[in-house]
Amino acid sequence: MRHRSPLPALFLAAAVVAGCGGGDSNGPGNQPAADVSIVPGAFNKGFQAYSPDTLTISLAASGTVTWRNDDGGVAHTVTDTTAAALFDVGLTAANNDTASFTFTVAGEYPYKCTIHTGMRGLIIVNP
Ligand SMILES: [Cu+2]
């Protein structure tokens with residue numbers, strides 16, 4: 001870290017400018033915090049597209065789930081496939097873009113990406 005060239009500094013500055021999803025600057029590499037990552041090359045990864053593929057949360061703690069797009073360059077969605085169709089959030093192609101949804105009803109919510117319908121995940125919401 002002693003050999004600082006101006007290039008990493010420029011890259012960092014560009015990343016900060018591009019990070020318009022709320023201005024979070026926590027964590028290494030300026031990566032916004034997330035509960036579920038959309039992995040690189042997610043489009044054909046089925047149940048491995050979202051990591052973890054199954055996330056269990058509790059309403060008592062926080063009903064909010066945040067997804068982060070770690071598959072820079074490709075937009076994705078997180079879309080409830082239950083009859084309730086409670087959520088349908090989109091993530092832009094920007095690397096590290098995040099989107100959140102707050103659950104208020106316990107249950108099991110399988111979801112998919114409407115752009116790449118093989119991408120599947122599951123949120124289990126406990127009371
Ligand atoms: Cu997708």
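The structure under discussion appears in the preceding block.
Quick caveat, the model's predicted, so the values are computed rather than measured.

Novice: Tell me what's going on with the overall build of the protein, and back it up with residues and numbers.
Specialist: If you tally the helices and strands in the protein, you get one helix and nine strands. Reading the protein from its N end, one meets helices and strands in the order α-β-β-β-β-β-β-β-β-β.

Novice: So, the sheet that holds strand 9 (residues 120-126): which residues are in play, and what are the values?
Specialist: Spatial ordering of the open sheet is given by 3-9-8-5-6, a layout of five strands whose pairing is mixed. Each having just a single partner strand, strand 3 (54-58) and strand 6 (88-91) make up the two edges of the open sheet. In this sheet, neighbouring strand axes are inclined to one another by 20° on average, regardless of whether the strands run parallel or antiparallel. Of the pairings in the sheet, the one linking strand 5 (residues 76-80) to strand 8 (residues 107-112) comprises two bridges and is antiparallel in character. Opposite threonine 79, over in strand 8, you have lysine 112 as the bridge partner.

Novice: Lay out the pairing of strand 8 with the relevant residues and their values.
Specialist: Across six bridges, strand 8 lies against strand 9 in antiparallel orientation. Among the inter-strand pairings, tyrosine 109 is bridged to a residue of strand 9, identified as isoleucine 123.

Novice: Lay out the environment of asparagine 96 with the relevant residues and their values.
Specialist: With respect to the element layout, asparagine 96 can be found in the loop between strand 6 and strand 7 (98-102). Residues asparagine 96 and isoleucine 38, 58 residues apart in the sequence, show an inter-C-alpha distance of 9.3 Å.

Novice: I'd like to hear about the nonpolar core, residue by residue, with values.
Specialist: Grouped together as the largest cluster of nonpolar side chains are 16 residues, with contacts concentrated most on Val36, Ile38, Ala49, Tyr50, Trp67 and Met119. Setting aside anything within four residues of it in sequence, one finds alanine 49 in contact with Ile38, Val39, Ala42, Cys113, Met119 and Arg120.

Novice: Go over the environment of phenylalanine 103 with me, naming the residues and quoting the values.
Specialist: Within the secondary structure, phenylalanine 103 sits in the loop between strand 7 and strand 8. Judged by the 19 C-beta atoms lying within 10 Å of it, phenylalanine 103 falls in the partly exposed class. Separated by 45 residues in sequence, phenylalanine 103 and serine 58 place their C-alpha atoms 9.1 Å apart. Residue contacts for phenylalanine 103: discarding those within four places in its chain leaves Leu59, Gly63, Val65 and Val125.

Cut-off values and rules
- Residues numbered from 1 in each chain as written.
- Predicted model: local features only at pLDDT ≥ 70, side-chain atom pairs only at ≥ 80, totals over all residues.
- Helix = DSSP H or I, 4+ residues; strand = E, 2+ residues; numbered from the N terminus.
- Pairing = 2+ DSSP bridges.
- Axes fitted to C-alpha atoms, helices over the stretch in contact; angles between N-to-C directions.
- Core = buried A, V, L, I, M, F, W, Y, C linked by C-beta atoms within 7 Å.
- Buried ≥ 20, exposed ≤ 12 C-beta atoms within 10 Å, placed from the backbone.
- Contact = placed C-beta atoms within 7 Å.

Read these as spatial facts, not as claims about activity.
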